[in-house]
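# Summary of structural features
Each chain, letter by letter, is given below.
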Amino acid sequence: MRNVVLICLDTVRKDYFDRFAERLRERADASFDQCRAASGWSVPSHASMMTGKLPHQHGIHVYNRDFSGLRREDTFLADLPDHRAFGSSANVYASDAFGFDLLFDDFTSVSPDRRFPDGIDAEKFGQECEETGLARYLAFLKASLASDHPVQSLANGALVEFDRQFAELPVPKPLDDGANIVAREAVKLVREHGDADPFFMFTNFMDAHGPLTHVRGYDSDLHDAPYSWTTGEYSTHEVNVSGKLEENREHIEHTRGLYGAAIDYLDRKVCSFVDRVQAETDRETTFVITADHGENLAFEADGGLLAHKGVLTEGLLHVPLLVVNAPEGYDDSETGYFSHVDLGRLLVGLARGETPDVFEARIAAERIGSNMAADASEAERREWDRMIRVVYDGADKYEWDSNGTRLRHRLDPDRPNWQELAAEDVDVSDLDEAFFDVPLDEYKREAVTASTDHDVDQTTKARLSDLGYI
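Residues numbered from 1 in each chain as written. Predicted model: local features only at pLDDT ≥ 70, side-chain atom pairs only at ≥ 80, totals over all residues. Heavy atoms only, no water.

## Looking at the packing of helix α8 (residues 179-193) against helix α10 (residues 249-280)
For any two helices packed against each other, one specifies the crossing angle of their axes together with the interaxial distance. As a packed pair, α8 and α10 sit with axes 10 Å apart at the nearest point and diverge in direction by 10 degrees. One element, α8, and the other, α10, form an angle in the roughly parallel class. For the pair α8 and α10, contact is made by A179, N180, A183, R184, A186, V187, V190 and R191 and by Y265, L266, K269, F273, R276, V277 and E280, respectively. Residue composition of the contact of α8 with α10, grouped by class: nine nonpolar, one polar and five charged. (Axes fitted to C-alpha atoms, helices over the stretch in contact; angles between N-to-C directions. Helix = DSSP H or I, 4+ residues; strand = E, 2+ residues; numbered from the N terminus. Parallel < 35°, antiparallel > 145°, perpendicular 65-115°, else oblique. Contact = heavy atoms within 4.5 Å. Nonpolar A, V, L, I, M, F, W, Y, C, P; charged D, E, K, R; others polar.)

Next up, the structure:
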């Protein structure tokens, strides 16, 4: 049995990956060039990767963001009984805050506010502490020294303050958004648990997800954003809802440049991570690199939209998938459709030293509701908070939603993340019946009625707000 490591590069679309991740592409034994995510944002996409089901089947989406109801038996991990499962994630949704960690034997949730997970969460402490000024710092010092991990706690506090002070200066951000922490903690888990039994490891690297700014280590030749600039300088909501592209053209160009620089940075960090994992184990280890979803960058094919709100463009669904150190059996570039719904079957096969046939002529994807930020109006929510379904069939992509839209797009296998409208008011009834267990309108009504709020602390809410989810 092989070890298998799943590396999720959060929010990385296929075309930008191909352009900026040359090192990983060179190391890959196989590239699934027509890989599609099962949904357009983190929560349902991660659930689909783990369960092999579409969002309406596993029930984890914008109206229910809680993973704690999932059992290991509900996931592909049930087919790897001899493998120890552990993970390290910088994605707040794929973390202990939403019960994602319960699927694993060992799991480390990391964030820029807690770079040493054993120590005190400095941001959480700050939100709960009633002291101000010097007394606040003394209270943190006292709590750190009294904790089980005083050095790590003090380091967390110092690094948060260090990052905050530098944010006001016209210099690159000194600390990244988690790549170094995820890699360090994941290698630590391999070192502690990877000797005896084969293992499956999940990792999520969050650095390509907004907010974006220039980070020390980014290649400044890849973008022209000022060091002090961040994507918080402008409103993506304004672009998406009001269509103010030209008014924000410079900001959009900075966003695209920093996005590419972040992927180039991840390319270097993940290559190093692969080497470090391989050095820690004598067992054959296969690495699968993909993304939970892509990102809209306001291109014409993205509908002029930014980020990953409310739609299922190719910018969001067409993602990379590479296999490094694969068993023999795959070509360098596999051209059939591959859906993340079949990711578990692929991972289990690779763990057994096999190369399963996971390619299909037709695949589906789905989005249930919108994760629009809190500044959206009620009218905007009614327009954007729709349910969308997609089916890929050859060079055609069919899309329909709960607002009555029925579209067919043209695709080009040689142009990643591109689509062009070909027809409107198309008949999709056969596709809806063939790929989905419940009719679209019926499921949308049921999902809204059964909507639940997952209770999280103020620290988690603040992190979600920074990421643009609330």
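Having put the structure on the table, let's press on.
## Some details on the nonpolar core
By size, the foremost hydrophobic cluster in this structure holds 128 residues, and its most contacted members are I7, F32, F200, F205 and F273. The biggest single contributor to this core is α10, with 13 residues. Those residues in contact with F200, other than ones at most four positions away along the chain, are V4, L6, F76, L77, L80, H83, R84, A85, F86, F104 and L347. Grouped together as the second largest cluster of nonpolar side chains are five residues, A122, F125, C129 and V160 included. (Core = buried A, V, L, I, M, F, W, Y, C linked by side-chain atoms within 4.5 Å. Buried < 20%, exposed > 50% of the residue type's maximum accessible area, 1.4 Å probe, protein only.)

## Details of the domain arrangement of the protein
In many analyses, interface size is given as the accessible surface area lost on bringing the parts together. Each assigned domain of the protein is listed here: domain 1 (3-112 + 176-361) and domain 2 (117-175). The straight-line distance from the C-alpha centre of domain 1 to that of domain 2 is 29 Å. Tallying the contact residues gives 15 residues for domain 1 and 10 residues for domain 2. Roughly 900 Å² of surface becomes buried between domain 1 and domain 2 when both sides are summed, with 57% attributable to carbon and sulfur atoms. If you sort the residues of domain 1 by the area they bury against domain 2, D176, R216 and Y227 come out on top, with a joint share of 41%. Along the contact surface separating domain 1 from domain 2 lie two salt bridges. A salt bridge links K173 to D177, with the nearest nitrogen and oxygen atoms 3.2 Å apart. Taken together, domain 1 and domain 2 are joined by three residue pairs in polar contact (both at pLDDT 80 or more). (Domains from an automatic or database assignment. Buried area = accessible area lost by both parts, 1.4 Å probe. Salt bridge = Lys/Arg side-chain N within 4 Å of Asp/Glu carboxyl O. Polar contact = N/O pair within 3.5 Å; in protein donor to acceptor, adjacent residues only side chain to side chain.)

## Quick word on the sheet that holds strand β14 (residues 406-410)
Either a parallel or an antiparallel arrangement is found when strands of a sheet pair, and the pairing is made through backbone hydrogen bonds. In space, the five strands of this open sheet follow the order β11-β12-β13-β14-β15, with antiparallel pairing throughout. Looking at strand neighbours, the two that pair on one side only are β11 (362-368) and β15 (420-424), the edges of this open sheet. For this sheet, the mean angle separating the axes of adjacent strands, direction not counted, is 20 degrees. Across seven bridges, β11 lies against strand β12 (residues 387-393) in antiparallel orientation. Note on β12: the bridge partner recorded for A364 is V391. With respect to the sheet, helix α15 (residues 440-449) is in contact with β11, β12 and β13 (396-401), its orientation differing from that of β12 by roughly 140 degrees. (Pairing = 2+ DSSP bridges.)

## Describing the pattern of salt bridges
A full pass over the atoms with the stated rule returns 29 salt bridges. D18 serves as the salt-bridge partner of R25, at 3.8 Å between the closest nitrogen and oxygen. According to the relative accessible area criterion, R25 is partly exposed, its value standing at 41%. For D18, a relative accessible area of 18% puts it in the buried group. Here D267 and R23 are joined by a salt bridge, their closest N and O atoms 2.7 Å apart. Here the residue D267 occupies a position in helix α10, and R23 occupies one in helix α2 (residues 22-27), the gap between them amounting to 244 residues. When salt bridges with common partners are traced through the structure, they connect K14, D18, R25 and D33 into a single cluster.

## A short note on the packing of aromatic side chains
Per the counting criterion, the structure on display carries 23 aromatic pairs. With a centroid separation of 5.9 Å and 75 degrees between ring planes, the pair formed by F100 and F107 is classed as edge-to-face. Side by side, F100 and F107 carry an identical accessibility label, which is buried. Between F205 and F273, the ring centres sit 5.8 Å apart and the planes meet at 65 degrees, which makes this aromatic pair edge-to-face. Separated by 68 residues along the polypeptide, F205 in strand β5 (residues 199-205) and F273 in helix α10 bring together distant segments of the chain. The residues F205 and F273 share a single accessibility class, namely buried. What links up through ring pairs into an aromatic cluster is the set F67, F100, F104, F107 and F202. (Phe/Tyr/Trp six-rings, centres within 6.5 Å; stacked < 30°, edge-to-face > 60°.)

## Section: unusual backbone geometry
Cis peptide bonds are those with omega within 30 degrees of zero, and the linkage from G210 to P211 qualifies with 5 degrees. Mapped onto the fold, P211 is located in the loop between β5 and α9 (236-242). You will see that N325, though not glycine, has its phi angle at about 60 degrees, which is positive. Take N325: it is sitting in the loop between β9 (321-324) and β10 (333-339).

## Some thoughts on the environment of D331
Looking at where D331 falls in the secondary structure, it is placed in the loop between β9 and β10. Discounting residues that sit within four places of it in the chain, D331 has contacts with D29, A30 and S31.

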